[in-house]
Amino acid sequence: MRRDPTRPPASVLAGADVALVGLFSAKDNESGPKLDLLAAAVEAHGGRVASRHVQRRGVSHGGAAKMTEPFSRRTLLSAGRAREIAQACRAAEVDVVVFVNPLTHHQRAALSDMFGCFVISGEDLSAPGR
């Protein structure tokens, strides 16, 4: 089910199958708890978490110097990881992808086209009922 991109972010979650995505520094030991908090927020808005995807930055040789930077200004993720998540989202018929990380308008648009669904950031979610 393709969601209307003009709807407010929280409202797109009601009844939606959702993939969670996060780009984390290799030094960040809190990726699991951060995804758990995001999953709780998604579920509070009526979404069902269908999958979780993590990209680590700084794991490969030479990556440590750039641990806090995105892989791509366009997609935040590496090209390979973005393609992998896109395939998983299409196969699972995911309605919405929610990133742990903040996203620019341009990143949301590029990722929505690539993933074939609505893409938002966790920071777009307010407390239910707001």
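Further up the page is the structure itself.
Residues numbered from 1 in each chain as written. Predicted model: local features only at pLDDT ≥ 70, side-chain atom pairs only at ≥ 80, totals over all residues. Heavy atoms only, no water.

Draft legend 1. Highlighting helix α3 (residues 105–115). Buried within α3 are the following residues: Q107, R108, A110, L111, S112 and F115. Where α3 is buried, its residues touch α2 (79–92), β3 (96–99) and β4 (118–121). Looking one or two places after α3, you find G116, whose phi comes out positive at around 75°. (Buried < 20%, exposed > 50% of the residue type's maximum accessible area, 1.4 Å probe, protein only. Helix = DSSP H or I, 4+ residues; strand = E, 2+ residues; numbered from the N terminus. Contact = heavy atoms within 4.5 Å.)

Draft legend 2. Spotlight on the pattern of salt bridges. Here the structure, examined in full by the defined rule, presents four salt bridges. Of the charged contacts, one joins D17 and R48 as a salt bridge, the two residues approaching to 3.0 Å between their closest N and O atoms. One end of the pair, D17, is in strand β1 (residues 17–25); the other, R48, is in strand β2 (residues 48–57), with 31 residues separating them in the sequence. One salt bridge in this structure joins D124 and R108, with 2.5 Å as the shortest N-O distance. Placement of D124 in the segment after β4 and of R108 in helix α3 is noted, with a sequence separation of 16 residues between them. Overall, R108 belongs to the buried group, its relative accessible area being 18%. (Salt bridge = Lys/Arg side-chain N within 4 Å of Asp/Glu carboxyl O.)

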